[in-house]
Amino acid sequence: MASRSEPTPLALILAERIRSHGPITFAEYMEACLYHPVHGYYTKAEQQPGRDYFTSADARPLFGRLLARQLQEMWCVLGRPDTFQLVEAGAGTGRLAKQILDFAAEAWPDFYQALRFIAVERSTSRRSVQSEVLDAHIARGRFLSRDELPAEVACGCIFSNELIDAMPVHRLVREGNDLREIYVGTDKNGLCDEMGLLSSSELSEYLSEQNIHLNQGQQAEANLAACRWIEQAGKMLKRGFIVTIDYGHEAQELYDERHMRGTLLAYERHRAGEDWFRVPGEQDLTAHVNFSALDLYGRRSGLVQTGFISQSNFLLALARHGNFSDLQSDEMTEVEQTQRRLLFKTLINPEGMGETFQVLIQHKGIDPENLAGLQPL
Ligand SMILES: C[S@@+](CC[C@H](N)C(=O)[O-])C[C@H]1O[C@@H](n2cnc3c(N)ncnc32)[C@H](O)[C@@H]1O
C-alpha cells in the first residue's frame, strides 16, 4: 500500500489538475476518490477479505431477514399489489439483495411472486458480482440491476443501507462572521486544505433553511448530493416508501459543539483516521448523514416522514414482530443459534452499530398504518 511519500496514481492526477486549474471543492475530491472511472475506491472490485468497511449487511443473513419482514409488511400495507418494485440504491455486490430475496422466496411465496428487485449500483465491477451472486433470482425474473434509479417506481419501496454516507460532501468552516469553504489545493507536500469563498449559494441556503448555526471555528460537512438524491427519489416514487439506513443524526445534533471538527473520516483496513489525503482512491471516505436534510428535501417531492428510529429499536421491533424466529428455531443447531444471537448483538449494541445507525422511513401516496419496525420497545 502506498504511503504519503509515494503518491497514489489518483493523487498525481488530482495534483496536476489543481496546479493547472486551481483548487477543487472537497466534494469534487471525494467524488474522484470514491468514483473515479479507473482509480476510484468503489470503482475497483471489492477487496475481500481486507475490505476497509463493515456494514450491517455483513451480519448476514440476519439483517436481511429482519429488513425483509419490514418490506413484506409494506407490501401488505400497500394492498398486496401484483407487482411490488423493490429498489435498493447503492446495492454494492448484492449481499443484502440476496439475503432479502432468499428469505422472501422461502417465507412468503406470494410476496416473492410480486417482487421486482432492482439493484441500483454505479460501480460496474460491483454490478458484475451481483449477477453471479443472484443468478437464481435473475433466472426467475425477480432481480435486475442498473446504474441509476428507474424513471418511475409506481408502487413499492426504495431503500438503501450506507449509501448516503458515501456521497461526496462539501466542507465548511465558520471564521468570525464568515462562512468559508475548505477546498483541496496543493503545497510542497502534495494535497492540502485551502480556504476559499463558498463555491455555491446552495451551501448557505442548506444551512439557513435548516436553521444550522456553526460555532466559531467549527468545521462541518454539507451533503448536497444527498439532498438532490432524496428529491429525485421522491419524484420517482408514486406510491410507497423510502427507507434510509445509515449512521448519522438530525441536524441539531450533527452540527452541535460535540462535532467541532465535523464527522468526515477516512477508513483503511477498518481503522478510521482523519488523513483523507493519505492514499486517494485506496481508502474509503465517509461523513455522517444529516437526516433532517433528507426529511426537508424529501418533502419537496411529496415525501412525508413515517418515522425515524435507531437501528437497534428497528431491528429489535422486527425481531419481536417475527416472534424471534430469526434468532432461534427448532431447525437451528445450538451453534447456529449462538451465532445468530452474537450477530444480533452486533447489530443492536448501543456501543456498536445500533445507536449511531438510524432508520428513516418516508412515504408517499398512501396513509400508512403503524409499521412493525417503528414500534416502541
Ligand atoms: C458503503 S457502500 C454500501 C454497499 C451496500 N449497500 C452494503 O450495505 O454493504 C456504498 C455503495 O453505494 C454505491 N453508490 C454510491 N453512490 C451511488 C449512487 N448515486 N447510485 C448508485 N450507487 C451508488 C457505491 O458504489 C457503493 O457500492
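What counts and what doesn't
- Residues numbered from 1 in each chain as written.
- Predicted model: local features only at pLDDT ≥ 70, side-chain atom pairs only at ≥ 80, totals over all residues.
- Heavy atoms only, no water.
- Helix = DSSP H or I, 4+ residues; strand = E, 2+ residues; numbered from the N terminus.
- Pairing = 2+ DSSP bridges.
- Axes fitted to C-alpha atoms, helices over the stretch in contact; angles between N-to-C directions.
- 1 Å grid on protein atoms, 1.4 Å probe; cavity = no way out; pocket = protein on both sides within 12 Å on 5 of 7 lines; lining within 4 Å.
- Points joined across faces, edges and corners; volume = space filled by probe spheres on them.
- Nonpolar A, V, L, I, M, F, W, Y, C, P; charged D, E, K, R; others polar.
- Expected span 1.5 Å × (residues − 1).
- Buried < 20%, exposed > 50% of the residue type's maximum accessible area, 1.4 Å probe, protein only.

What follows is about unusual backbone geometry. In this model, glutamate 162 sits at a positive phi of 55 degrees, which is unusual for a non-glycine residue. Relative to the assigned elements, glutamate 162 resides in the loop between β5 (156-161) and β6 (170-175). Despite not being glycine, asparagine 211 shows a phi value in the positive range, around 60 degrees. Tracing the backbone shows asparagine 211 in the loop between α8 (201-209) and β9 (219-222).

Here we have three strands laid out as an open sheet, ordered β12-β11-β13, and antiparallel in their pairing. The sheet is open, and its two borders are formed by β12 (271-273) and β13 (284-286), each paired with just one other strand. For this sheet, the mean inter-axis angle between neighbouring strands, taken without regard to orientation, is 30 degrees. Bridge count between strand β11 (residues 265-268) and β13: three bridges; the pairing is antiparallel. Paired with leucine 265 across the bridge in β13 is threonine 286.

Time to look at the layout of surface pockets. To find leftover empty space, a probe the size of one water molecule is rolled over the atoms. In this structure, the second largest pocket occupies an estimated 180 Å³ of space. Taken together, 13 residues make up the lining of the second largest pocket; nearest its centre are Pro7, Ala11, Asn189, Gly190 and Leu191. Mapped by element, the contributors of at least two residues to the lining of the second largest pocket are α1 (9-21) and β8 (190-196). Element by element, the count of residues in the lining of the second largest pocket is highest for α1, at four residues. Among the residues making up the lining of the second largest pocket, the classes are represented as seven nonpolar, three polar and three charged.

Our focus in this paragraph is helix α3 (residues 62-77). With 16 residues, α3 ought to run about 22 Å at 1.5 Å a step, and its terminal C-alpha atoms sit 23 Å apart, in line with that. By the criterion of burial, α3 is predominantly enclosed, with 15 of the 16 residues buried. Immediately downstream of α3, the backbone of glycine 79 shows phi near 90 degrees, a positive value.

It is worth spelling out the pairing of strand β3 (residues 115-120) at this point. With five of six residues buried, β3 is to be regarded as a mostly interior element. Of the strand pairs in this sheet, strand β2 (residues 84-89) and β3 are connected by six bridges, and their pairing is parallel. Within β3, the residue paired with glutamine 85 across the bridge is arginine 116. Pairing of β3 with strand β4 (residues 143-146), which is carried by four bridges, proceeds in the parallel orientation. Its bridge partner being in β4, alanine 119 is matched across the sheet by serine 145.

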